[in-house]
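Commentary on secondary and tertiary structure
One letter stands for each residue in the lines below.
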Amino acid sequence: MLFVEQHEAVIRLTAFAGIFLIMALLEIAMPRKTRVAAKGMRWFTNISLVVINTFALRLIMPILAVGMAHYADARGWGLLAIADLPVWIEIIIAFLLLDMLIYAQHVAFHKVPIFWRVHKVHHADRDLDVTSGARFHPVEAVLSMAYKLLCIALIGPAAFAVFLFEVVLNAASMFNHANVRLPLGFDRLLRLFIVTPDMHRVHHSVIERETNSNYGFFLTIWDRMFGTYIAQPEKGHDDMTIGLSEYQDSKPDKLIWSLLIPFSRNKDAKKTGGNSVEERRPVFKSD
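First, a word on what this report is: a plain description of the structure on this page. (Residues numbered from 1 in each chain as written. Predicted model: local features only at pLDDT ≥ 70, side-chain atom pairs only at ≥ 80, totals over all residues. Heavy atoms only, no water.)

Here we come to the overall build of the protein. Along the protein, the regular secondary structure elements total 15 helices and two strands. For the protein, whose C-alpha radius of gyration is 19 Å, the value lies close to the compact-globule estimate of 19 Å for 287 residues. Oriented by its inertia axes, the alpha-carbon framework of the protein measures out at about 55 × 45 × 35 Å. A buried classification covers 50% of the 287 residues belonging to the protein. Contacts spanning at least 24 positions in sequence make up 74% of the contacts within the protein whose residues lie at least 6 apart. Across the protein, the mean location of the 30 positive side-chain charges is 6 Å away from that of the 27 negative side-chain charges. (Helix = DSSP H or I, 4+ residues; strand = E, 2+ residues; numbered from the N terminus. Rg over C-alpha atoms; globule rule 2.2 N^0.38 Å. Buried < 20%, exposed > 50% of the residue type's maximum accessible area, 1.4 Å probe, protein only. Contact = heavy atoms within 4.5 Å. Lys, Arg positive; Asp, Glu negative; His and termini not counted. Charge placed at Lys NZ, Arg CZ, Asp CG, Glu CD.)

This next bit is on the environment of S48. Counting through the fold element by element, S48 comes out in helix 3 (residues 39–60). The sequence separation of S48 and A134 amounts to 86 residues, and the corresponding C-alpha distance is 9.9 Å. What S48 contacts, discounting residues up to four positions off in sequence, is W43 and L255.

Here we come to a nonpolar patch on the surface. Together, V139, L143, I256, L260 and F263 make up a nonpolar patch on the protein surface, roughly 470 Å² of accessible area in all. By the element assignment, L260 lies in helix 15 (residues 255–260). (Patch = residues over 30% accessible without salt bridge, like charges linked within 9 Å, V, L, I, M, F, W, Y side chains within 5 Å. Areas by Shrake-Rupley, 256 points an atom, 1.4 Å probe, with all protein chains shown as cover. Salt bridge = Lys/Arg side-chain N within 4 Å of Asp/Glu carboxyl O.)

Going through the model one piece at a time under the given rule, you end up with eleven salt bridges. Between R32 and D198 there is a salt bridge, and its shortest N-O distance comes to 3.1 Å. Highlighted residues: R32 in the loop between helix 2 (8–29) and helix 3 and D198 in helix 11 (residues 197–203), separated in sequence by 166 residues. Among the residues examined, D198 registers a relative accessible area of 4% and is labelled buried. The network of salt bridges with shared partners includes E27, R35, R42, D125 and D129.

This paragraph deals with helix 3. Within an α-helix, residues lying three or four positions from one another point in the same direction, as the helix has 3.6 residues per turn. End to end, helix 3 covers 31 Å across 22 residues, agreeing with the expected 32 Å (1.5 Å per residue, within 8%). Buried within helix 3 we find R42, W43, T45, N46, S48, L49, N53, A56 and L57. Where helix 3 is buried, its residues contact helix 2, helix 8 (138–155) and helix 15. (Expected span 1.5 Å × (residues − 1).)

This next bit is on the packing of helix 4 (residues 65–74) against helix 8. The geometry of helix 4 relative to helix 8 is characterised by a closest axis approach of 9 Å and an angle of 25 degrees between their N-to-C directions. As far as their axial angle goes, helix 8 and helix 4 are roughly parallel. The two elements helix 4 and helix 8 meet at a crossing, and its hand is right-handed. In this structure, helix 4 uses A65, M68, A69 and A72 to contact helix 8, whose residues at the interface are M145, K148, L149, I152 and A153. (Axes fitted to C-alpha atoms, helices over the stretch in contact; angles between N-to-C directions. Parallel < 35°, antiparallel > 145°, perpendicular 65-115°, else oblique. Left-handed = near helix turned anticlockwise from the far one by under 90°.)

Attention now moves to the packing of aromatic side chains. Scanning the entire structure with this criterion turns up ten aromatic pairs. Ring centres of F20 and W43 lie 5.6 Å apart, and the angle between their planes is 70 degrees; this geometry places the pair in the edge-to-face category. On the criterion of sequence distance, the pair formed by F20 in helix 2 and W43 in helix 3 is long-range, its members being 23 residues apart. Accessibility assignment for this pair places F20 and W43 in one class, buried. On the numbers, 4.9 Å between centres and 20 degrees between planes, the contact of F109 with F115 is stacked. By relative accessible area, which is 5% here, F109 ends up buried. An aromatic cluster is built from F16, F20 and W43, whose rings are joined through pairwise contacts. For R75, the ring lying beneath its charged end belongs to Y71, and the centroid distance is 3.5 Å. Sitting over the face of the ring of Y229, R224 holds its NZ or CZ atom 4.3 Å from the ring centroid. (Phe/Tyr/Trp six-rings, centres within 6.5 Å; stacked < 30°, edge-to-face > 60°. Lys NZ or Arg CZ within 6 Å of the ring centre and 35° of its normal.)

Following this line, the structure appears as structure tokens:
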């Protein structure tokens, strides 16, 4: 574990690059859906957001997730600091709690209007592929890290548990956003435990009921437990429309638009059911 802590950045970067390359190659070999947008501009925007978010976190946040785990441990903070548990049990508990809390955060970013304004940058992507898993607005990246630091301080997990969770979360996000066709039987078996590309794709549907489902990033237990699980999209994966209904054009493919849209109004929004589409946000429902 000492080796992992000493080489955290290298290990995380290697894992990120390795999973990214594997999923990108699988998308070429066995794609699930036909793209609707040019790949070059989308990839430039999505990868640029990764770079910007990385710099923003390093600039704004005085400490990141693993650092907070060390900080909390040194001061005896958190629920797990109270109990004298074997390390392996502590790691499992910490992993489960963190995954559940990330699920809760995702729900909040859909329910709370000010959070939805930044989170919709992620949902505006009209295609899903490996780059979509890291397409988040810088404000959301900072808010998410602040929330995660608070969770770590309250839980008091071992630094290795946080490191493991961070690596798995990043890998899972790239995997379940990938445009990959898995064998149906394998998908059914896999989604008993972890989120698959077909399962998460439902969450990116323009249909609100489907957008309000499948919030999990790694484990599927939380969607099943809290009634937010939908197995398949209403129109099927081949015919479903991905993104947000009000942004079905080339604007979401552009970097400047993606950075500015949370702070501007959609002038092209049409009235729908008494509320402008621009004001419409997903509302948490139990299905």
